[in-house]
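# Report on the structure
Now for the letters of each chain:
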Amino acid sequence: MDLTSSQCNQLQNQWVRELERQEGEKEDEQIVAEIMGRRFFPDLITHKNWEGFHFAGHEIRITEATDCYGAVVWPSALVLCYFLETNSKQCNLVDKNVIEIGAGTGLVSIVASLLGAFVTATDLPELLGNLQHNVLQNTKQKCKHQPCVKELSWGIDLEKNFPRSSCHFDYIMAADVVYCHPFLDELLLTFDHLCKNDTVILWAMKFRLEKENQFVDRFQTLFDLEMLSNFPSLNIALYKAMRKGRMKPDLPN
């Protein structure tokens with residue numbers, strides 16, 4: 001049976017879309033392999049659990065704790081670190097004031113520090129000891145600005161601990177802070193408090209449940225959101241965000 005011109009065009013478009021999908025999957029696999037290839041493990045069993053990473057020209061060793069979500073390096077952190085390293089011209093962190101919320105083991109804060117930023121790494125009080133250890137071990141005498149570690153419980157005493165009048169952050173960074181926990185309202189409140197009109201939010205997020213999509217919708221009531229990278233094989237997306245009406249085409253230098 002002969003195909004009409006319309007049917008031929010439809011088949012051709014389907015074929016092109018399938019080729020594009022296959023190319024996208026191949027590119028995703030290649031980049032994900034590169035990102036995950038930055039991680040290495042100790043050759044010998046040690047008394048402390050640690051993982052190693054190669055970023056910003058340094059070997060970074062991160063001490064972990066398997067009994068706490070916040071003391072484990074999650075793939076979203078690697079995605080954000082990879083972006084910071086490979087986009088250092090577009091996203092120039094030298095002398096920039098950066099805060100990481102939900103810093104966990106500190107990997108993102110460490111990489112940002114090694115790239116020249118003045119970094120405040122924050123998390124819950126019970127995580128600060130391990131966070132401080134990792135930050136100090138991997139940045140001492142290696143960074144232009146020594147990073148600081150500070151307690152930040154989302155939504156609590158924000159004005160007292162981070163007064164709007166004196167705290168100005170060029171970047172807010174977050175990796176995998178949205179998951180099945182009961183503090184999403186407080187997280188949004190914290191983003192809102194810390195973000196000035198010219199602050200850029202860099203946020204890597206793994207999608208697991210519908211709750212994540214709902215948070216993104218609520219987040220967009222306050223902020224303009226742009227997807228910088230998407231890795232379907234990891235269910236991770238990397239976003240740039242700014243206050244409504246403040247988004248520019250490129251990241252500030």
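Structure shown above.
The structure displayed is predicted, hence computed values, not measured ones.

Rules of the game
Residues numbered from 1 in each chain as written. Predicted model: local features only at pLDDT ≥ 70, side-chain atom pairs only at ≥ 80, totals over all residues. Heavy atoms only, no water. Helix = DSSP H or I, 4+ residues; strand = E, 2+ residues; numbered from the N terminus. Buried < 20%, exposed > 50% of the residue type's maximum accessible area, 1.4 Å probe, protein only. Contact = heavy atoms within 4.5 Å. Salt bridge = Lys/Arg side-chain N within 4 Å of Asp/Glu carboxyl O. Pairing = 2+ DSSP bridges. Axes fitted to C-alpha atoms, helices over the stretch in contact; angles between N-to-C directions. Parallel < 35°, antiparallel > 145°, perpendicular 65-115°, else oblique. Nonpolar A, V, L, I, M, F, W, Y, C, P; charged D, E, K, R; others polar. Left-handed = near helix turned anticlockwise from the far one by under 90°. Polar contact = N/O pair within 3.5 Å; in protein donor to acceptor, adjacent residues only side chain to side chain. Core = buried A, V, L, I, M, F, W, Y, C linked by side-chain atoms within 4.5 Å.

## Notes on the overall build of the chain
- In terms of helices and strands, the chain carries 7 helices and 10 strands.
- The buried share among the 253 residues of the chain stands at 44%.
- Across the chain, contacts joining residues at least 24 apart in sequence account for 64% of those joining residues at least 6 apart.

## Details of the pattern of salt bridges
- Taken as a whole and assessed by the stated rule, the structure comprises 8 salt bridges.
- Residue K144 is joined to D95 by a salt bridge in which the shortest nitrogen-to-oxygen separation is 2.9 Å. Here the residue K144 occupies a position in the loop between helix 4 (128–139) and strand 6 (148–151), and D95 occupies one in the loop between helix 2 (75–86) and strand 4 (97–100), the gap between them amounting to 49 residues.
- A residue is classified by how much of its surface remains accessible, and K144, at 55% relative accessible area, is exposed.
- The class for D95 is partly exposed, based on a relative accessible area of 44%.

## Some words on the sheet that holds strand 1 (residues 39–40)
- Read from one edge of the open sheet, 3 strands run 1-2-3, paired in antiparallel fashion. Unpaired on one side and paired on the other, strand 1 and strand 3 (58–63) mark the two borders of the sheet.
- Across 6 bridges, the pairing between strand 2 (residues 50–55) and strand 3 is antiparallel. Residue pairing for strand 3: H54 is matched across the bridge by E59.
- The strands touched by helix 2 within the sheet are strand 1 and strand 2, with strand 2 carrying the most contacts at an inclination of about 25 degrees.
- Strands in contact with helix 3 (residues 107–114) are strand 2 and strand 3; relative to strand 3, the strand with the most contacts, it is inclined by about 155 degrees.

## Regarding the packing of helix 2 against helix 3
- The interhelical angle for the contact between helix 2 and helix 3, taken along N-to-C directions, is 10 degrees, at an axis separation of 9 Å. Taken as axis vectors, helix 2 and helix 3 run roughly parallel relative to one another. Two secondary-structure elements touch here, helix 2 through A77, L78, L80, C81 and L84 and helix 3 through L107, V108 and V111.
- Each residue belonging to the contact of helix 2 with helix 3 can be placed in one class, and the counts come to 8 nonpolar, no polar and no charged.

## Side note on the packing of helix 3 against helix 4
- One way to put it is that helix 3 packs onto helix 4 with a least axis distance of 10 Å and a crossing angle of 25 degrees. Considering their axes alone, helix 3 and helix 4 lie roughly parallel with respect to each other. The hand of the helix 3/helix 4 crossing is right-handed. Contacts between helix 3 and helix 4 involve I110, S113 and L114 on the former and, on the latter, N134, V135, N138 and T139.
- Looking at side-chain class alone, the contact of helix 3 with helix 4 contains 3 nonpolar, 4 polar and no charged residues.

## Side note on the side chain of H193
- Along the chain, H193 falls in helix 6 (residues 184–194).
- Taking relative accessible area as the criterion, H193 reaches 7% and is therefore assigned buried.
- Side-chain polar atoms of H193 contact the backbone oxygen of L158, separated by 3.3 Å.
- Polar side-chain contacts of H193 include one of 2.7 Å to the backbone oxygen of F162.

## Concerning the nonpolar core
- Core analysis: the largest hydrophobic core is formed by 45 residues, its most contacted members being I60, L80, L84, L93, L107, M173 and L202.
- It is helix 2 that contributes the most residues to this core, 8 residues altogether.
- Apart from the residues within four sequence positions on either side, M173 is in contact with L80, L84, L93, V98, I99, E100, I101, V108, A112 and L202.
- Grouped together as the second largest cluster of nonpolar side chains are 28 residues, L152, A174, V216 and F223 included.

## Side note on the environment of G104
- Counting through the fold element by element, G104 comes out in the loop between strand 4 and helix 3.
- Remark: the alpha-carbon pair of G104 and D123, spanning 19 residues in sequence, is separated by 6.4 Å.

## A word on the sheet that holds strand 8 (residues 200–206)
- Strand order across the open sheet formed by 7 strands is 6-5-4-7-8-10-9, with mixed pairing between neighbours. Only two strands of the sheet have a single neighbouring strand rather than two, namely strand 6 and strand 9 (223–231). Between one strand axis and the next, the sheet turns through 20 degrees on average, direction left out of account.
- In the sheet, strand 4 pairs with strand 5 (residues 118–123) via 4 bridges, with the strands oriented parallel. Each bridged residue has a counterpart across the sheet, and for I99 the counterpart in strand 5 is T120.
- Relative to strand 8, helix 2 is tilted by about 140 degrees, and along the sheet it contacts strand 7 (171–175), strand 8, strand 9 and strand 10 (236–243).

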